[in-house]
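One-letter residues, chain by chain:
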Amino acid sequence: SQHDQYYKWYQYYVRSVERSKQAKEKNERERRQKITRKWQLDHDTKRKALKNGVADKIQRDRIRLEMQLRERENEAERRLEKIKKDRFEYLNRRRKYRAEALQRSNDVRIKRALSEGAGRQRELQERLQYR
């Protein structure tokens with residue numbers, strides 16, 4: 001009869017709705033579990049990475065600071081070397097100039113002495129002539 005037909009159809013409908021609801025819930029549950037698992041994994045790896053990363057960062061910072069320090073020391077060393085070199089060159093130049101000046105003054109003195117000597121000689125000769 002028609003009533004039985006309807007009843008059968010209704011049961012089928014209810015069963016299919018139930019089934020689809022269960023499937024939806026199962027999917028949702030699986031999705032949540034997957035998300036939770038993924039989050040857990042991420043969190044653990046992040047925590048590990050953070051723990052390691054902090055150590056790495058400290059190490060990196062130490063290395064960077066050591067390099068900066070070494071560079072500063074090298075710079076200071078270079079500056080000192082330059083100062084030493086400049087000072088050495090300056091003193092050498094002064095020594096050279098002083099030697100040159102001495103040489104010149106000696107040359108002048110010798111020339112003057114010679115010319116004075118020549119003058120005196122001339123004077124003596126003239127005196128001898130006019131006697």
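Residues numbered from 1 in each chain as written. Predicted model: local features only at pLDDT ≥ 70, side-chain atom pairs only at ≥ 80, totals over all residues. Heavy atoms only, no water.

Visitor: Describe the overall build of the chain, and please don't skip the residues or the numbers.
Guide: Looking only at helices and strands, the chain features one helix and zero strands. Relative to the 2.2 N^0.38 estimate, which gives 14 Å for 131 residues, the radius of gyration of the chain is 54 Å and therefore markedly larger than a compact globule would have. In terms of its C-alpha atoms, the chain occupies a principal-axis envelope of roughly 185 × 30 × 5 Å. Within the chain, buried positions represent 1% of all 131 residues. A total of about 13500 Å² of accessible surface is found on the chain, and carbon and sulfur atoms cover 54% of it. Computing the positive centroid from 41 side-chain charges and the negative centroid from 22, the chain places the two 1 Å apart. (Helix = DSSP H or I, 4+ residues; strand = E, 2+ residues; numbered from the N terminus. Rg over C-alpha atoms; globule rule 2.2 N^0.38 Å. Buried < 20%, exposed > 50% of the residue type's maximum accessible area, 1.4 Å probe, protein only. Areas by Shrake-Rupley, 256 points an atom, 1.4 Å probe, with all protein chains shown as cover. Lys, Arg positive; Asp, Glu negative; His and termini not counted. Charge placed at Lys NZ, Arg CZ, Asp CG, Glu CD.)

Visitor: Tell me about the pattern of salt bridges, and please be specific about residues and values.
Guide: Per the counting criterion, the structure on display carries nine salt bridges. Residues R64 and D61 are paired through a salt bridge, measuring 3.3 Å at the closest nitrogen-oxygen approach. With R64 and D61 both in helix α1 (residues 2–129), this residue pair falls three residues apart, about one helical turn. Residue classification places R64 among the partly exposed residues on the basis of a relative accessible area of 44%. (Salt bridge = Lys/Arg side-chain N within 4 Å of Asp/Glu carboxyl O.)

Visitor: If you had to explain the packing of aromatic side chains to someone new, which residues and values would you point to?
Guide: Taken as a whole, this structure holds four aromatic pairs when the rule is applied. Taken together, a centroid distance of 6.3 Å and an interplanar angle of 20 degrees make the contact between Y6 and Y10 stacked. One end of the pair, Y6, and the other, Y10, are both in helix α1, four residues apart, so they sit about a helical turn from each other. Taken together, Y6, W9, Y10 and Y13 form an aromatic cluster joined through their ring pairs. (Phe/Tyr/Trp six-rings, centres within 6.5 Å; stacked < 30°, edge-to-face > 60°.)

So, to be careful, I would describe these as geometric facts and stop short of saying anything about function.
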